[in-house]
Amino acid sequence: MSVMIPTIASATGLMGGYKIARVTGVRALGGVLLAAGGAVAYSGWKKNAGTPTALALTGVYLGSFGYSHVLAHKIGAWPSVCAVTGATAIASIVFGRESR
């Protein structure tokens, strides 16, 4: 599986989840996309790099979501979401590659 599939899924979950929650005013809808993106990303990471790496990257994904709330108080909501999404994408590309 391409390393880009879980990377795109994680970015979509983080950024899309925030966008949906903000536009609709229903945080739970954003959470649905966040969960779906995380599930697809986990599946891809597991297939590419194995379960331990997939669990670690899922931890990065969830930690990024949590940290975005803290960071938003300092730099604003969208910059925060963009920053943690970028960090998660870099981690996905670096560590979520296929094992050889």
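Since we're looking at a predicted model, the values are computed, not measured.

1. What about the packing of helix H2 (residues 27-49) against helix H3 (residues 51-75)?
Viewed as axis vectors pointing N to C, H2 and H3 meet at an angle of 155°, and their least axial separation amounts to 8 Å. In terms of orientation, H2 lies roughly antiparallel with respect to H3. The handedness of the crossing between H2 and H3 comes out as right-handed. For the pair H2 and H3, contact is made by Arg27, Leu34, Gly37, Gly38, Tyr42, Trp45, Lys46 and Ala49 and by Thr51, Thr53, Ala54, Leu55, Leu57, Thr58, Tyr61, Phe65 and His69, respectively. Of the residues in the contact of H2 with H3, the class split is 9 nonpolar, 6 polar and 2 charged.

2. Description of the side chain of asparagine 48
In this fold, asparagine 48 is placed in helix H2. Residue class for asparagine 48 comes out buried when judged on its relative accessible area of 3%. Within polar-contact distance, the side chain of asparagine 48 engages the backbone oxygen of glycine 96 at 3.2 Å.

3. A few points about helix H4 (residues 77-95)
An ideal rise of 1.5 Å per residue puts 27 Å on 19 residues; H4 measures up with 27 Å between its terminal C-alpha atoms. Those residues of H4 that sit buried are Ser80, Val81, Val84, Thr85, Thr88, Ala89, Ala91 and Ser92. Each buried residue of H4 lies within a common arc of 160° when the element is viewed along its axis, so the set occupies one face. Looking at the buried positions of H4, the neighbouring elements they touch are helix H1 (4-24), H2 and H3.

4. Overview of H2
The terminal C-alpha atoms of H2, which comprises 23 residues, lie 32 Å apart, in line with the 33 Å expected from a rise of 1.5 Å per residue. Regarding H2, the residues found buried are Gly30, Leu34, Gly37, Gly38, Ala41, Gly44, Trp45, Asn48 and Ala49. On its buried face, H2 is in contact with H1, H3 and H4. Among the residues trailing H2, glycine 50 stands out with phi positive, at a value near 100°.

5. Re the packing of H1 against H3
The geometry of H1 relative to H3 is characterised by a closest axis approach of 11 Å and an angle of 20° between their N-to-C directions. Accordingly, the angle class assigned to the pair H1 and H3 is roughly parallel. Of the two elements, H1 crosses H3, and the hand of that crossing is right-handed. In this structure, H1 contributes Ser10, Gly13 and Leu14 to the contact, and H3 contributes Tyr61, Ser64 and Phe65. By residue class, the composition of the contact of H1 with H3 is 3 nonpolar, 3 polar and no charged.

6. Focus on the nonpolar core
In this structure, Ala9, Leu14, Leu34, Ala41, Trp45, Ala54, Leu57, Tyr61 and Ala91 together form the largest nonpolar core, which totals 9 residues. Elements represented by at least two residues in this core include exactly H1, H2 and H3. For leucine 34, the contacting residues outside a window of four places in its chain are Gly13, Leu14, Tyr61 and Phe65.

The rules behind these values
- Residues numbered from 1 in each chain as written.
- Predicted model: local features only at pLDDT ≥ 70, side-chain atom pairs only at ≥ 80, totals over all residues.
- Heavy atoms only, no water.
- Axes fitted to C-alpha atoms, helices over the stretch in contact; angles between N-to-C directions.
- Helix = DSSP H or I, 4+ residues; strand = E, 2+ residues; numbered from the N terminus.
- Parallel < 35°, antiparallel > 145°, perpendicular 65-115°, else oblique.
- Left-handed = near helix turned anticlockwise from the far one by under 90°.
- Contact = heavy atoms within 4.5 Å.
- Nonpolar A, V, L, I, M, F, W, Y, C, P; charged D, E, K, R; others polar.
- Buried < 20%, exposed > 50% of the residue type's maximum accessible area, 1.4 Å probe, protein only.
- Polar contact = N/O pair within 3.5 Å; in protein donor to acceptor, adjacent residues only side chain to side chain.
- Expected span 1.5 Å × (residues − 1).
- Arc of directions from axis to C-beta.
- Core = buried A, V, L, I, M, F, W, Y, C linked by side-chain atoms within 4.5 Å.

Taken by themselves, the reported measurements are silent on function.
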